[in-house]
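Residue-level listing of the chains:
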Amino acid sequence: MKKVLFFALSILVLTACSKDDVDQAAIDEEIITTYLEDNDISAERDASGLYYRIINKGSGKFSSSANLEIRYTGKLMENGNIFDSGTIVGPLSRYISGWQIGVPKIETGGTIVLYIPSGLAYGENGAGSSIPPNAVLIFVVDVLSVK
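The structure displayed is predicted, hence computed values, not measured ones.

### Section: the overall build of the chain
From N to C terminus, the chain includes two helices and six strands. In the chain, which comprises 147 residues, the share counted as buried stands at 37%. Within the chain, contacts between residues at least 6 apart in sequence are counted, and of these 64% link residues at least 24 apart. Split by element, the accessible area of the chain, about 8,600 Å² in all, is 54% carbon and sulfur.

Spelled out as structure tokens, the structure:
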């Protein structure tokens, strides 16, 4: 009886959570594909839902645990407002999932543009006052060096 109850509750919880995630993922997908079409941008789609465009592949391989020096600019897809830019140093594990998936597609010295659905960014909570809930983001990322 306990197994049946646990199984039923697990299905209910997974269904409730995944429906919202699926709905938002579909909304984000539409936002990104419309943006790409409207701006005549050709981008690749990762199975995660991340879209990306490699500007320069780079030539120096790095591990995902390496401390990377990264220059970036982040903006909201909705209105193009830049919410952050700068240079940071750290392992990819410190950063949003969209970076963890996208940045390894290039090498040291490379540049990539990431079109990140909200579920791979800051999700339904957003971040501070500059990134609203469920925001789809664009990042231009340069991997400058491995530290």
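### Some thoughts on the sheet that holds strand β5 (residues 111–116)
What the six strands build is an open sheet, ordered β1-β2-β5-β6-β3-β4; its pairing is antiparallel. Each of the sheet's edge strands pairs with one partner strand only, and the pair in question is β1 (44–45) and β4 (82–90). Here strand β3 (residues 68–76) pairs with strand β6 (residues 137–146) via nine bridges, running antiparallel. When the sheet's bridge partners are listed, arginine 71 is paired in β6 with aspartate 142.

### Observations concerning the environment of proline 117
For proline 117, the location among the structural elements is in the loop between β5 and β6. Each C-alpha atom, one on proline 117 and one on glutamine 24, is 8.8 Å from the other, the two residues being 93 residues apart in sequence. Setting aside anything within four residues of it in sequence, one finds proline 117 in contact with Asp28, Ile32, Gly49, Leu50 and Val136.

### Some words on the confidence of the model for the chain
In the predicted model, the chain carries a mean pLDDT of 88, and 86% of its residues have values of at least 70. Note that pLDDT drops below 50 for residues 1–18; the model gives that stretch zero contacts with residues more than four away or on any other chain.

### Regarding the pairing of strand β2 (residues 51–56)
Taken together, the two bridges between β1 and β2 define a ladder with antiparallel strand orientation. Bridging from a neighbouring strand, arginine 45 pairs with tyrosine 51 of β2. For β2 and β5, the ladder comprises five bridges, and the chain directions are antiparallel. Counted as the bridge partner of arginine 53 is valine 113 from β5.

What counts and how
- By convention here, each chain's residues receive numbers from 1 onward along its written sequence.
- Note on the predicted model: pLDDT of at least 70 is required for a residue's local features to be given, and 80 or more for side-chain atom pairs to be given and counted; whole-chain, interface and lining totals, by contrast, use all residues.
- With hydrogens and water excluded, all non-hydrogen atoms of the structure serve as input to the side-chain values.
- Put simply, DSSP H or I for four residues or longer makes a helix, DSSP E for two residues or longer makes a strand, and each gets a number counted from the N terminus.
- Residue burial is assigned from relative accessible area. The probe radius is 1.4 Å, only protein chains are included, and a residue is buried under 20% of its type maximum, exposed over 50%, and partly exposed in between.
- Any two residues whose heavy atoms approach within 4.5 Å are treated as being in contact.
- With residues, only the protein chains shown are counted as cover, and all accessible areas are computed by Shrake-Rupley using a 1.4 Å probe.
- Here, a strand pair is defined by DSSP locating no fewer than two bridges between the strands.
- pLDDT gives the predictor's per-residue confidence on a scale running from 0 to 100.

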